[in-house]
Protein chains: 4
Amino acid sequence: MIVHLNKSITKEQAQLLAEKYQSVLFENGKLVLVTPSKLKTADDELQKAADEIFVADSDIQLASKNYIGTKREVKFGDITIGGSTNNTVVITGPCSVESEEQIESAAQLCVELGVKVLRAGAYKPRTSPYTFQGLGLEGLKLLDKMRSKYGLQIITEVRDSTHVDEIIEYADIIQIGAKSMYDHGILRKCGKTRKPILLKRGFGTTLQEFAQSAEFILSGGNPNVILCERGIRTFETKTRFTLDLCGAAWLKQNTNLPIILDPSHAIGYAYGVADLSRACVAMGIDGLLIESHPNPKVAKSDADQQLNFDEFRNLYASLKTVATAVGYKVV
Amino acid sequence: MIVHLNKSITKEQAQLLAEKYQSVLFENGKLVLVTPSKLKTADDELQKAADEIFVADSDIQLASKNYIGTKREVKFGDITIGGSTNNTVVITGPCSVESEEQIESAAQLCVELGVKVLRAGAYKPRTSPYTFQGLGLEGLKLLDKMRSKYGLQIITEVRDSTHVDEIIEYADIIQIGAKSMYDHGILRKCGKTRKPILLKRGFGTTLQEFAQSAEFILSGGNPNVILCERGIRTFETKTRFTLDLCGAAWLKQNTNLPIILDPSHAIGYAYGVADLSRACVAMGIDGLLIESHPNPKVAKSDADQQLNFDEFRNLYASLKTVATAVGYKVV
Amino acid sequence: MIVHLNKSITKEQAQLLAEKYQSVLFENGKLVLVTPSKLKTADDELQKAADEIFVADSDIQLASKNYIGTKREVKFGDITIGGSTNNTVVITGPCSVESEEQIESAAQLCVELGVKVLRAGAYKPRTSPYTFQGLGLEGLKLLDKMRSKYGLQIITEVRDSTHVDEIIEYADIIQIGAKSMYDHGILRKCGKTRKPILLKRGFGTTLQEFAQSAEFILSGGNPNVILCERGIRTFETKTRFTLDLCGAAWLKQNTNLPIILDPSHAIGYAYGVADLSRACVAMGIDGLLIESHPNPKVAKSDADQQLNFDEFRNLYASLKTVATAVGYKVV
Amino acid sequence: MIVHLNKSITKEQAQLLAEKYQSVLFENGKLVLVTPSKLKTADDELQKAADEIFVADSDIQLASKNYIGTKREVKFGDITIGGSTNNTVVITGPCSVESEEQIESAAQLCVELGVKVLRAGAYKPRTSPYTFQGLGLEGLKLLDKMRSKYGLQIITEVRDSTHVDEIIEYADIIQIGAKSMYDHGILRKCGKTRKPILLKRGFGTTLQEFAQSAEFILSGGNPNVILCERGIRTFETKTRFTLDLCGAAWLKQNTNLPIILDPSHAIGYAYGVADLSRACVAMGIDGLLIESHPNPKVAKSDADQQLNFDEFRNLYASLKTVATAVGYKVV
């Protein structure tokens, strides 16, 4: 149950209510109390304290269409996605920041094409300790430089809670990766900022758990959450993961959060990225993450799935056409 | 290894070779021998008997791009898909034939919109004996009537090998369902006709096994095989299945067979069918199966996922626009 | 709803009731009507016709503990499993009948150890047309010979409905394989015999669907159904499948059918078969299928997973000890 | 490639080698260098620096049987598991520490039965922010009290890297949960202690990734790693997860680490825990985690799957019998 407290309730009173009803309390313009969803009816005390009350089916509460019936807007730089914008933001860049030359080359591609958000990882959540682990803070500083020099927005990933503060400081959009999606340390810190959070679905995570993970951020007080479907793990191993567009349709139908899709990580091979990207855009979505690299063959991570720049140029042009066909606009 | 035998080889000699090399032999213009893929080099005897030899990576042989590098063409009625046509055939109709009135209403919708292929099941592969099992032969006869009256092509499903001959007789395109995909009795009979076969991927079937299943038909001598991805079973149960478009991309890259997608069975709920259908078409595919019903609420099977006629009309118009955006044409 | 009709109801009346209530009717001592499980209350007409009525949660009806609260007994030869026997029948033999010499060697191993049921396939449901497809009828005849000569019970698999009559004739226990588990042609024929049916779970099949598949046989009038869990398909591919012992526990808790486990097909590699077999027996189960071969390296199918005879001898001895530890007895 | 450096190599030289060969360096008696597994042959410089060299198939290196052919020993308190001990340690306790009374009751059950390791969570990795999140540090202090008062070893879970130091301080065995298995912040800290680490497999994690996750700890210098299989996520949802005993067999065959199984979390329902526990023990394993609670119905987390104390007592007695039957001993 979501309870919008009325103005007569002080913060101290609200905290007492939160304890009494085992609820989460946050402030966002007004004081909001979120009780466990098992509570279905408000007693007199809650009724009196409330301006409005929203009863929930499950612990998908703040993210639910039952609470806010339309899609939320999220802004970064001069871009808005969600709401009634019908904007599809295309984000590109390499898997990892590898060197200044490499990331500058990626930044220049963005400028050339009018892409406004650059992606690249500094802290890489690798599955082996014996592979490239990312440049860390040095990588963040290079991304910072690209922002200043080229006026791009930066999205980069937080790997674990030891460096979440750094990422919040350096990024315009904070990406929580598939492997960190349950990390309370990260989620709680991301609830305390107002920067947009791109939350990736864990590859073994149900839609229910995914949306509930967003609740950790939303109930921390940060309304700027974007969901990202990036492929789930299935029995099929010819492709790296299985892009779950049925799941994307479910999220679109049932949640109020903007949705960005990541076909590169899903298929894991460059050959299918163009077709899948067009498929994603044709669904009418809020954004797309596509990995590109000046020279994919020598990439230090995800070499197989990154497009080279010419492949990306061709794809980008076609995405505009497809977006138009479904009443959307690439931004 | 695929061996195109030369004209000097008689059928009897070919049969002896087939036994010697534990191979499958078929005739399609010429005599073709397919050995197990483990055989990687041809000895003198095979070399002498051969016009051409194609070595295979795996038991995906006749369906592989290594054998025929371009997509095969498949024709039914005056429609051609595959090859260099860039045609996307849209097929619609109810899950099951329920009555003459119902199927005629579906046929009339096809005529109204210019849809040329009507789908509906007569033998239903239900998972419970206590639900509607289909009208059987009576259903086939009703479909036959619709073909005569409205000039439509008919696609309907074979459930098991006890009635495969009936289906081959009555259908223009024979559908092998997801649950029957490994049925040797069906596959071998379908290899003996020349009618197009739409082979659906089992929901627990890998891409490798799926394409190998097509080999049973192709090596029976029938080159007219269409693959259909219709959703795989994953841990996610908010939707009925998970449409595997990464898998579709893999099939497009690696096989020479036309591909049709079935978003209705994948998601299992009408709310997402339109978005997913547009996504499918934007991939550049050969066809689309969409379930529609004059009154989905009273449907005897798959009630949740069938579009009503107005929903289908709206969707159909938008599919044409999306197809055009990617250089394809809805037929 | 399961309705035991009273003696005043004739077969003709029962058939009229079956039509009226869209039910399945069978005779097994008495006339039994099974309505769709959606029907939760009996009207006056049904009440009057009934001796007893059992309301079901789902379309798992005849197989449910709600109908028969204890485990059913199934007999073959002089062996009984299920009921209150606490018997664990161990069944072994090669994947396929390959030659008289090979199958006789397997039969002799059974005799040596006191194993009473020999397994081997004659019609193999291979996933490629270019591999060994089984000896067919010739294989069945060899199995028949082993039965006569060595007094063994024979279990062998039906692949599709074209040869189901042959299998019913030659086998003592009819095995329906994982890939044929939805085959109505097979299921309906197996409902008409009284021979025991070992129904394997499809590797992409939910427990609900699996038990419902048994309903096709049970509602045909054959009460002698044994369920076999043999591994499901998951994202893990280091092993061939994933043996679902949680699922076995669920079946034991919720159904009234004996359960046999097949660790050989689950793991797909001989190294783990002994440990897994002991695990299965320690659960307290009704039987175990283990593949063994006189010389696994030259086996024409499933070469990796078959135990050689010495491995099987060692394992068999330890299974008796484990069974005893949990109050069961290997038969 | 694992390189045991010889005594002539100083730490400084070793660090230069580590940089040159992009390797991980740690000290454990001797200096050990682990290169990426792609490096298959040692050049002269490495040859000269090495006492011994072990070439690896994949990035499972320190955990592989190719490196250490027998199972490693891990000790805690006066218990040893692994090596040639054939000990199966049984660990029990509630899901969460809820109160002093509750955890003391669990501790007393351990003392009564001779169970030496008590489990309970203080930081709970819940999937919803609106449920009980654990007592945190207060919970750890209660566990500490139980250790002092009852002489028990304590195992408790680290949820994210913000409190990993606390857990390392308070626990005798540090549990890394399924959702934290990829957390570099946790893994790297656990590599720096010498306390035993129980690493749970992520429910969406392949065996390859799981063992590689252990490499982060092992290559940090901590050899005391125990693997724990606790169920993977599959399409089957009648049970919470699917216990992967095929995977356990693979780990036993291919890694040198002790293995503990957790049937409670796998099935998620108390009804199957006893049968599954006996199955686990019959495999010949190093330990078992079983959730028990003085009153499962009022448990604040995992209420469905915890055994009550009488159920646990009965089970515990039978586990000893099963262990004996396979040549193991419950400790």
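For the structure, see preceding data.
We now turn to the structure provided with this report. (Residues numbered from 1 in each chain as written. Chains lettered and ligands numbered in written order. Predicted model: local features only at pLDDT ≥ 70, side-chain atom pairs only at ≥ 80, totals over all residues. Heavy atoms only, no water.)

**Notes on the overall build of chain A**
Here is step 1: Helices and strands together make up the secondary structure of chain A, namely eleven helices and 15 strands.
Here is step 2: Relative to the 2.2 N^0.38 estimate, which gives 20 Å for 331 residues, the radius of gyration of chain A is 20 Å and therefore close to what a compact globule would have.
Here is step 3: Taken over the C-alpha atoms alone, chain A extends approximately 65 × 40 × 40 Å along its principal axes.
Here is step 4: Within chain A, the fraction of its 331 residues that count as buried is 68%.
Here is step 5: For chain A, restricting intrachain contacts to residue pairs at least 6 apart in sequence, the fraction spanning at least 24 positions comes to 67%.
Here is step 6: Of the charged side chains in chain A, 39 are positive and 39 negative; the average position of the first set lies 1 Å away from that of the second. (Helix = DSSP H or I, 4+ residues; strand = E, 2+ residues; numbered from the N terminus. Rg over C-alpha atoms; globule rule 2.2 N^0.38 Å. Buried < 20%, exposed > 50% of the residue type's maximum accessible area, 1.4 Å probe, protein only. Contact = heavy atoms within 4.5 Å. Lys, Arg positive; Asp, Glu negative; His and termini not counted. Charge placed at Lys NZ, Arg CZ, Asp CG, Glu CD.)

**Observations regarding the nonpolar core**
Here is step 1: Counting residues in each nonpolar core, the largest one holds 180 residues, and the members touching the most others are Leu118 and Leu245 of chain C together with Leu118 and Leu245 of chain D.
Here is step 2: Leave out the neighbours within four places in its chain, and Leu118 of chain D touches Thr92, Gly93, Ile103, Ala106, Ala107, Cys110, Leu143, Met146, Leu152, Gln153, Ile154 and Ile155 of chain D.
Here is step 3: Of all hydrophobic cores here, the second largest spans 178 residues; its members include Leu243 of chain A, Ile217 and Leu315 of chain B together with Ala178 of chain C. (Core = buried A, V, L, I, M, F, W, Y, C linked by side-chain atoms within 4.5 Å.)

**Remarks on the interface of chain B and chain A**
Here is step 1: In this complex, chain B contributes 39 residues to the contact, which on the side of chain A involves 39 residues.
Here is step 2: Put simply, chain B and chain A have four salt bridges between them.
Here is step 3: Salt-bridge contacts for Lys252 of chain A lead to Asp275 of chain B; the nearest nitrogen and oxygen are separated by 2.8 Å.
Here is step 4: In this structure, the connection of chain B to chain A is made through eight residue pairs in polar contact (both at pLDDT 80 or more).
Here is step 5: Breaking the side of chain B that touches chain A down by element, the ones donating at least two residues are α7 (207-218), α8 (245-254), α9 (263-267), α10 (273-282) and α11 (309-325) of chain B.
Here is step 6: At seven residues, the largest contribution of residues to the side of chain B that touches chain A is made by α8 of chain B.
Here is step 7: Of the residues contributing to the side of chain B that touches chain A, the split by class is 20 nonpolar, eleven polar and eight charged. (Salt bridge = Lys/Arg side-chain N within 4 Å of Asp/Glu carboxyl O. Polar contact = N/O pair within 3.5 Å; in protein donor to acceptor, adjacent residues only side chain to side chain. Nonpolar A, V, L, I, M, F, W, Y, C, P; charged D, E, K, R; others polar.)

**Quick notes on the relation of the copies chain C and chain B**
Here is step 1: In the superposition of chain C on chain B (RMSD 0.0 Å, axial shift 0.0 Å), the rotation amounts to 180°. Expressed as an axis order, the relation between the two copies is that of a two-fold axis. Measuring from the rotation axis to each C-alpha of chain C, the shortest distance belongs to Gly204 of chain C, at 2.2 Å.
Here is step 2: Both copies share a contact surface, since 100% of the interface residues of chain C are interface residues in chain B too. (Least-squares fit on C-alpha atoms with pLDDT ≥ 70 in both.)

**Focus on the pattern of salt bridges**
Here is step 1: Summed over the entire model, instances satisfying the criterion amount to 84 salt bridges over all chains.
Here is step 2: The partner of Lys11 of chain B in a salt bridge is Glu27 of chain B, with the nearest N and O atoms 3.2 Å apart. Here Lys11 of chain B is found in helix α1 (residues 11-20), whereas its partner Glu27 of chain B is found in strand β2 (residues 24-28), with 16 residues between them in sequence.
Here is step 3: Overall, the relative accessible area of 45% leaves Lys11 of chain B in the partly exposed class.
Here is step 4: Residues Lys149 of chain C and Glu104 of chain C are paired through a salt bridge, measuring 2.6 Å at the closest nitrogen-oxygen approach. Of the two residues, Lys149 of chain C is situated in helix α4 (residues 137-150) and Glu104 of chain C in helix α3 (residues 100-113); the sequence distance between them amounts to 45 residues.

**A short note on the interface of chain C and chain B**
Here is step 1: Contact residues are listed per partner, giving 37 residues for chain C and 37 residues for chain B.
Here is step 2: In this assembly, chain C packs against chain B so that about 2900 Å² is buried in total across both faces, 55% of it on carbon and sulfur atoms.
Here is step 3: Seen at the junction of chain C and chain B, the total is two salt bridges.
Here is step 4: Among the ionic pairs, Glu209 of chain C bridges to Arg233 of chain B, the shortest N-O distance being 2.6 Å. (Buried area = accessible area lost by both parts, 1.4 Å probe.)

**Some words on the environment of Lys30 of chain A**
Residue and element names in this part refer to chain A.
Here is step 1: When you line up the elements, Lys30 lands in strand β3 (residues 30-34).
Here is step 2: When its relative accessible area of 35% is taken as the criterion, Lys30 is described as partly exposed.
Here is step 3: Here the alpha-carbon distance between Lys30 and Leu5, two residues 25 residues apart in the chain, equals 7.1 Å.

**Some points on the sheet that holds strand β1 (residues 2-5) of chain C**
Pairing between the strands of a sheet is mediated by backbone hydrogen bonds and can be parallel or antiparallel.
Residues and elements named next belong to chain C.
Here is step 1: Spatially, four strands are ordered β2-β3-β1-β4 in an open sheet, and the strand pairing comes out antiparallel. The open sheet has two edge strands with one neighbour each: β2 (24-28) and β4 (50-54). With strand direction ignored, the average angle separating the axes of adjacent strands in the sheet is 20°.
Here is step 2: Pairing analysis gives four bridges linking β1 to β4, with the strands arranged antiparallel. Bridge pairing in β4 links Leu5 to Ala50.
Here is step 3: In the packing of helix α1 (residues 11-20) onto the sheet, contacts are made with β1, β2 and β3 (30-34), and the angle to β3 comes to roughly 5°. (Pairing = 2+ DSSP bridges. Axes fitted to C-alpha atoms, helices over the stretch in contact; angles between N-to-C directions.)

**Details of the packing of helix α3 (residues 100-113) of chain B against helix α4 (residues 137-150) of chain B**
All names here are of chain B.
Here is step 1: Two elements in contact, α3 and α4, have axes whose closest approach is 10 Å; the angle formed by their N-to-C orientations is 35°. Once α3 is placed against α4, the crossing between them reads as right-handed. Judged by residue contacts, Glu100, Ile103, Glu104, Ala107, Gln108 and Val111 of α3 engage Leu142, Leu143, Lys145, Met146, Lys149 and Tyr150 from α4.
Here is step 2: Per-class residue counts for the contact of α3 with α4 are seven nonpolar, one polar and four charged. (Left-handed = near helix turned anticlockwise from the far one by under 90°.)

**Quick look at the relation of the copies chain B and chain A**
Here is step 1: Rotating chain B by 180° and moving it 0.0 Å along the rotation axis overlays it on chain A with an RMSD of 0.0 Å.
Here is step 2: Both copies present the same face, since 100% of the interface residues in chain B are matched by interface residues at the equivalent positions in chain A.

**Remarks on the packing of α3 of chain B against α11 of chain B**
Residue and element names in this part refer to chain B.
Here is step 1: The interhelical angle for the contact between α3 and α11, taken along N-to-C directions, is 25°, at an axis separation of 12 Å. Between α3 and α11, the interaxial angle falls into the category roughly parallel. Here the hand of the crossing between α3 and α11 comes out right-handed. Judged by residue contacts, Ser105, Ala106, Leu109, Glu112 and Leu113 of α3 engage Phe309, Phe312, Arg313 and Tyr316 from α11.
Here is step 2: When the residues that make up the contact of α3 with α11 are grouped by side-chain class, the tally is six nonpolar, one polar and two charged. (Parallel < 35°, antiparallel > 145°, perpendicular 65-115°, else oblique.)

**Brief notes about unusual backbone geometry**
Here is step 1: Positive phi values are uncommon outside glycine, yet Asp302 of chain A reaches one of about 50°.
Here is step 2: Relative to the helices and strands, Asp302 of chain A is located in the loop between β14 (287-291) and α11 (309-325).
Here is step 3: We note that Asn86 of chain B has phi near 50°; this positive angle belongs to a residue other than glycine.
Here is step 4: Within the fold, Asn86 of chain B resides in the loop between β6 (79-82) and β7 (87-93).
Here is step 5: Judged by relative accessible area, Asn86 of chain B falls into the partly exposed class, the value being 32%.

**With respect to the pairing of strand β14 (residues 287-291) of chain B**
Residue and element names in this part refer to chain B.
Here is step 1: Within β14, five of the five residues are buried, which leaves the element mostly enclosed by the surrounding structure.
Here is step 2: Relative to β14, β7 is paired through five bridges, and the arrangement is parallel. Note on β14: the bridge partner recorded for Val90 is Leu288.
Here is step 3: In this structure, strand β13 (residues 259-261) lies alongside β14, joined through two bridges in parallel fashion. Directly across from Ile260, in β14, lies its bridge partner Gly287.

**A short note on the environment of Val32 of chain B**
Residue and element names in this part refer to chain B.
Here is step 1: Residue position: Val32 is located in strand β3 (residues 30-34).
Here is step 2: Along the sequence, Val32 and Ile174 sit 142 residues apart, while their C-alpha atoms lie 24 Å from each other.
Here is step 3: Apart from the residues lying within four places of it in its own chain, the contact partners of Val32 are Ile2, Val3, His4, Val24, Leu25 and Phe26.

**Some words on the sheet that holds β3 of chain B**
Residue and element names in this part refer to chain B.
Here is step 1: In space, the four strands of this open sheet follow the order β2-β3-β1-β4, with antiparallel pairing throughout. Edge positions in the sheet fall to β2 and β4 (50-54), since each has one partner strand and no second. In this sheet, neighbouring strand axes are inclined to one another by 20° on average, regardless of whether the strands run parallel or antiparallel.
Here is step 2: Pairing between β2 and β3: five bridges, direction antiparallel. When the sheet's bridge partners are listed, Val24 is paired in β3 with Val34.

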